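Chains, contacts and geometry: an overview
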Amino acid sequence: MLNIPHGMAIVSLKCTNCAGDIELDDSREFGFCMYCGTKVMITRDVNNITVEMSVKDQRSSLKPLAAAYCEKGDYERAEEMTNKLIAINAADADIWRIDGVCELMRGGYPFKDVPEQAKRSLENSCVLSGIKYGKEYVEKLAIDVLQSPAKSGDA
């Protein structure tokens, strides 16, 4: 519960990163999302309040969030994050790997063939990190994901 002094107004915002609810007192210039930790800067004008987030803040908060969603099997939310991250920095091998794993698992691998989007994302990850792409690489990723504590229920 927020301890707000008498006469101070509360500003309700949505986090631009994870869409979590943020409540700040109107005297603050910034705050943090309690769900993903994103720092939000508040700019004021006479008619409204807007939230700004730097590209660096987006990268630093979205990447671990995408990895966590992927590890827990929430591939749709993880891919929302990776799509934003790829738009910010398409040269990050880790982002492509997370995106590829999400596509791989959503596509029903190992019971079905590797989806084309998963191949493209994983190939991009390999090229950027200097790893050889191939069937063995895909199988190792799938085994790692399927054996992760979040997937086996140990977490």
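Refer to the preceding data block for the structure.
Scope of this entry: the structure provided in the associated data block. (Residues numbered from 1 in each chain as written. Predicted model: local features only at pLDDT ≥ 70, side-chain atom pairs only at ≥ 80, totals over all residues. Heavy atoms only, no water.)

**Here's the deal with the packing of helix 2 (residues 75-88) against helix 3 (residues 93-106)**
Taken N-terminus to C-terminus, the directions of helix 2 and helix 3 make an angle of 150 degrees; their axes are 9 Å apart at the nearest point. Classified by the interaxial angle, the pair formed by helix 2 and helix 3 is roughly antiparallel. The two elements helix 2 and helix 3 cross, and the hand of that crossing is left-handed. Listed contacts from helix 3 to Y75, E76, A78, E79, T82, N83, L85 and I86 of helix 2 are I95, W96, I98, D99, C102, E103, M105 and R106. A breakdown of the residues in the contact of helix 2 with helix 3 according to their chemical character gives 9 nonpolar, 2 polar and 5 charged. (Axes fitted to C-alpha atoms, helices over the stretch in contact; angles between N-to-C directions. Helix = DSSP H or I, 4+ residues; strand = E, 2+ residues; numbered from the N terminus. Parallel < 35°, antiparallel > 145°, perpendicular 65-115°, else oblique. Left-handed = near helix turned anticlockwise from the far one by under 90°. Contact = heavy atoms within 4.5 Å. Nonpolar A, V, L, I, M, F, W, Y, C, P; charged D, E, K, R; others polar.)

**Quick notes on the nonpolar core**
Of all hydrophobic cores here, the largest spans 36 residues; its most connected members are I22, C70 and L104. Listed by contribution, the elements that provide at least two residues to this core are strand 1 (10-14), strand 2 (21-25), helix 1 (55-71), helix 2, helix 3, helix 4 (116-129) and helix 5 (135-146). Tallying contributions element by element places helix 3 first for this core, with 7 residues. Contacts of C70, omitting those with residues within four sequence positions, involve Y75, A78, I98, V101 and C102. (Core = buried A, V, L, I, M, F, W, Y, C linked by side-chain atoms within 4.5 Å. Buried < 20%, exposed > 50% of the residue type's maximum accessible area, 1.4 Å probe, protein only.)

**Section: a nonpolar patch on the surface**
On the surface, F30, F32 and M41 cluster together to form a nonpolar patch covering roughly 280 Å² of accessible area. Structurally, F30 is set in strand 3 (residues 30-32). Residue classification places F30 among the partly exposed residues on the basis of a relative accessible area of 34%. (Patch = residues over 30% accessible without salt bridge, like charges linked within 9 Å, V, L, I, M, F, W, Y side chains within 5 Å. Areas by Shrake-Rupley, 256 points an atom, 1.4 Å probe, with all protein chains shown as cover. Salt bridge = Lys/Arg side-chain N within 4 Å of Asp/Glu carboxyl O.)

**Topic: the pattern of salt bridges**
Counting across every chain of the model gives 5 salt bridges. Salt-bridge contacts for K119 lead to E116; the nearest nitrogen and oxygen are separated by 3.3 Å. Placement of both K119 and E116 in helix 4 is noted, with a separation of 3 residues, approximately one turn of the helix. Connected through salt bridges with shared partners, the residues K63, D92 and D94 form a single ionic network.

**As for the side chain of T82**
Note on placement: T82 falls in helix 2. Polar contacts involving the side chain of T82 include one to the main-chain carbonyl oxygen of E79, which spans 3.1 Å. Leaving out residues up to four positions away in the same chain, T82 has contacts with A66, I95, I98 and D99. (Polar contact = N/O pair within 3.5 Å; in protein donor to acceptor, adjacent residues only side chain to side chain.)

**Structural notes on helix 4**
Residues lying three or four places apart along an α-helix face the same way, a consequence of the helix completing one turn every 3.6 residues. For helix 4, with 14 residues, the first-to-last C-alpha span of 20 Å sits near the 20 Å given by 1.5 Å per residue. All of the buried residues along helix 4 are A118, S121, L122, S125 and C126. Burial along helix 4 is one-sided: seen end-on, the buried residues are contained in an arc of 135 degrees. If you follow the buried residues of helix 4, they end up packed against helix 3 and helix 5. Downstream of helix 4 by a residue or two, G130 has a phi angle that is positive, lying close to 75 degrees. (Expected span 1.5 Å × (residues − 1). Arc of directions from axis to C-beta.)

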